[in-house]
Protein chains: 2
Amino acid sequence: MKALHEAIQTLGKGIGNDIVKVDMFLNHRLETKLLFDMGSEIGAYFAEDKPDLILTVEASGIALAITAAHALGDIPVVFAKKGKTVVQTGTVAQAKVYSFTHKTENMIRVEKKYLPEGSRVLIVDDFLADGQAVNGMMELCRQTNCTPVGVAIGVEKGFQPGGKYLRNAGVKLLSLAIVDKIEDGVITLRNDG
Amino acid sequence: MKALHEAIQTLGKGIGNDIVKVDMFLNHRLETKLLFDMGSEIGAYFAEDKPDLILTVEASGIALAITAAHALGDIPVVFAKKGKTVVQTGTVAQAKVYSFTHKTENMIRVEKKYLPEGSRVLIVDDFLADGQAVNGMMELCRQTNCTPVGVAIGVEKGFQPGGKYLRNAGVKLLSLAIVDKIEDGVITLRNDG
């Protein structure tokens, strides 16, 4: 997506060979117009899949999720909550998510009643790297007997395995930008220009 | 605001004499259309104050912040991050926020560069109770030499001191709904109907 590519190239920051910082417009400061344009792209791509709702994870997935939900005709958004601990209750679906960045294991959880059985769910997140958060959300769908119809991502780190894994599994995946490599701080995007 | 009042009365849940649960549409599942209508109200009310950006706190303030930012002509949103610990760096503004609900003290923080000196800042949050989060965001504005032009809130708990304190201090405050009391689970809203 052109506007996102431009934002990454002008405002993003590559650090070392692994980190792409997009704090400036995607996950600390939010460039509102860009977020709405990203939401529109997601809406256009997944409209045919008729999602009933969007599932994301707090905190930085929320902005992209709600703009995409707006583009899809104001369908609801459910955001999974993060926590260290397992919640002991039958009303909650939960899944483990390991963060390679922070070397920590978190739980994500959602009240089951907000993922009604049989719902068609579009999974949205700002970043895709190892795919742990997306896998966790897939697991929440499994526990609630919902159908994930696809995955929409802001920025995919193409040199990490999450995207390849989802594509190989036949998941309908839209990554609005794919970072192919970061070398000494220089960011290379797939299909740029 | 009529639509929010209706949502609170039909979907909200009063618990005991103190808790109003709006998980169903405001801070776990998001009713997208309602969030956009709330954002429009905030935009109309604060347009004359010409905010340069919106400041909120992760996670549940983000959705309302971005819809309000959209209504204000797609101004940027900055969301403060929460953490237990003090970050030791001159590039970060931070403030203590005590949660009466959870009986814990958290820090909220923001990269100073995302609150440029002299910015006119509209503070947005989903809830106002004791006013600790709003005070924390005011403190972030003070540290960055920004001017808070007002505070926009989804649901104010009118029986807790945050709103009264801000009004007495002359802050321009818009609460889209004010819960006056909760008695045995029954929610009474100010100026309902």
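Residues numbered from 1 in each chain as written. Chains lettered and ligands numbered in written order. Predicted model: local features only at pLDDT ≥ 70, side-chain atom pairs only at ≥ 80, totals over all residues. Heavy atoms only, no water.

**Student:** I'm lost on the overall build of chain A in this one. Help?
**Tutor:** Within chain A, the secondary structure is distributed over six helices and eleven strands. Taken against the 2.2 N^0.38 rule, which gives 16 Å for 193 residues, the C-alpha radius of gyration of chain A at 16 Å falls within 12% of a compact globule. Viewed in the frame of its principal axes, chain A has a C-alpha envelope of about 50 × 35 × 30 Å. The buried share among the 193 residues of chain A stands at 54%. Taking all contacts inside chain A whose residues are at least 6 apart in sequence as the whole, residues at least 24 apart take part in 63%. Carbon together with sulfur atoms contributes 50% to the accessible area of chain A, which is approximately 8,300 Å² in total. Averaging the positions of the 22 positive and the 23 negative side-chain charges in chain A gives two centres separated by 4 Å. (Helix = DSSP H or I, 4+ residues; strand = E, 2+ residues; numbered from the N terminus. Rg over C-alpha atoms; globule rule 2.2 N^0.38 Å. Buried < 20%, exposed > 50% of the residue type's maximum accessible area, 1.4 Å probe, protein only. Contact = heavy atoms within 4.5 Å. Areas by Shrake-Rupley, 256 points an atom, 1.4 Å probe, with all protein chains shown as cover. Lys, Arg positive; Asp, Glu negative; His and termini not counted. Charge placed at Lys NZ, Arg CZ, Asp CG, Glu CD.)

**Student:** Looking at this structure, I do not really get the relation of the copies chain A and chain B. What am I missing?
**Tutor:** One copy of the chain maps onto the other through a rotation about an axis followed by a shift along the same axis. Once turned by 180 degrees and shifted 0.0 Å along the axis, chain A lies on chain B with an RMSD of 0.0 Å. Taken together, these values place the two copies in the relation of a two-fold axis. No C-alpha of chain A lies nearer the rotation axis than that of Ala59(A), which sits 2.4 Å from it. Here 100% of the contact residues of chain A are again contact residues in chain B; the copies associate through an equivalent surface. (Least-squares fit on C-alpha atoms with pLDDT ≥ 70 in both.)

**Student:** Whenever I open this one, helix H3 (residues 32–46) of chain B confuses me. Can you help?
**Tutor:** Helical geometry note: an α-helix holds 3.6 residues per turn, so side chains three or four residues apart project in the same direction. Between its first and last C-alpha atoms H3(B) spans 21 Å; for 15 residues at 1.5 Å apiece the expected length is 21 Å, and the two agree. Taken together, the buried positions of H3(B) are Thr32(B), Leu34(B), Leu35(B), Phe36(B), Met38(B), Gly39(B), Ile42(B), Gly43(B) and Phe46(B). (Expected span 1.5 Å × (residues − 1).)

**Student:** Is there a simple way to think about the interface of chain A and chain B in this case?
**Tutor:** How big an interface is tends to be reported as the loss of accessible area on association of its parts. Contacts between the two partners involve 30 residues from chain A, matched on the other side by 30 residues from chain B. Here chain A meets chain B over a buried area of about 2,800 Å², counting both sides, of which 67% is carbon and sulfur. Three residues stand out in chain A for area buried against chain B, namely His28(A), Ile66(A) and Tyr114(A), and they jointly supply 25% of the buried area on that side. Joining chain A to chain B, the criterion identifies zero salt bridges. Where chain A touches chain B, the interface holds twelve residue pairs in polar contact (both at pLDDT 80 or more). Only helix H2 (23–27), strand S3 (29–30), helix H3 (32–46), helix H4 (62–71), strand S5 (77–83) and strand S7 (104–111) of chain A provide two or more residues apiece to the side of chain A that touches chain B. In the side of chain A that touches chain B, the residues fall into 17 nonpolar, five polar and eight charged. In the sheet, S5(A) pairs with strand S3 (residues 29–30) of chain B via two bridges, with the strands oriented antiparallel. Paired with Val78(A) across the two strands is Arg29(B), which belongs to S3(B). (Buried area = accessible area lost by both parts, 1.4 Å probe. Salt bridge = Lys/Arg side-chain N within 4 Å of Asp/Glu carboxyl O. Polar contact = N/O pair within 3.5 Å; in protein donor to acceptor, adjacent residues only side chain to side chain. Nonpolar A, V, L, I, M, F, W, Y, C, P; charged D, E, K, R; others polar. Pairing = 2+ DSSP bridges.)

**Student:** What should I look at first to understand helix H5 (residues 132–143) of chain B in this one?
**Tutor:** Residues and elements named next belong to chain B. Compared with the 16 Å implied by 1.5 Å per residue over twelve residues, the 17 Å span of H5 between its first and last C-alpha is a close match. Three or more residues of H5 are buried, namely Val134, Gly136, Met137, Leu140 and Cys141. When H5 is viewed along its axis, its buried side chains cluster within an angular range of 160 degrees and face the same direction. A positive phi of about 55 degrees marks Asn145, the residue just after H5. (Arc of directions from axis to C-beta.)

**Student:** Just checking my understanding: could you explain the side chain of Thr56(A) for this structure?
**Tutor:** Summarising the element assignment, Thr56(A) is placed in strand S4 (residues 53–57). Setting aside chain neighbours within four positions, we find Thr56(A) in contact with Gly61(A), Ile62(A), Ala65(A), Val77(A), Val78(A), Phe79(A), Ala80(A), Val124(A), Asp125(A) and Met137(A).

**Student:** Even after reading the chapter, I still don't get the environment of Ala68(B), so can you show me in this structure?
**Tutor:** Residue and element names in this part refer to chain B. With respect to the helices and strands, the residue Ala68 is situated in helix H4 (residues 62–71). Each C-alpha atom of the pair Ala68 and Phe46 lies 9.5 Å from the other, and the pair is 22 residues apart in sequence. Dropping the residues within four chain positions of it, Ala68 is found in contact with Gly39, Ile42 and Ile54.

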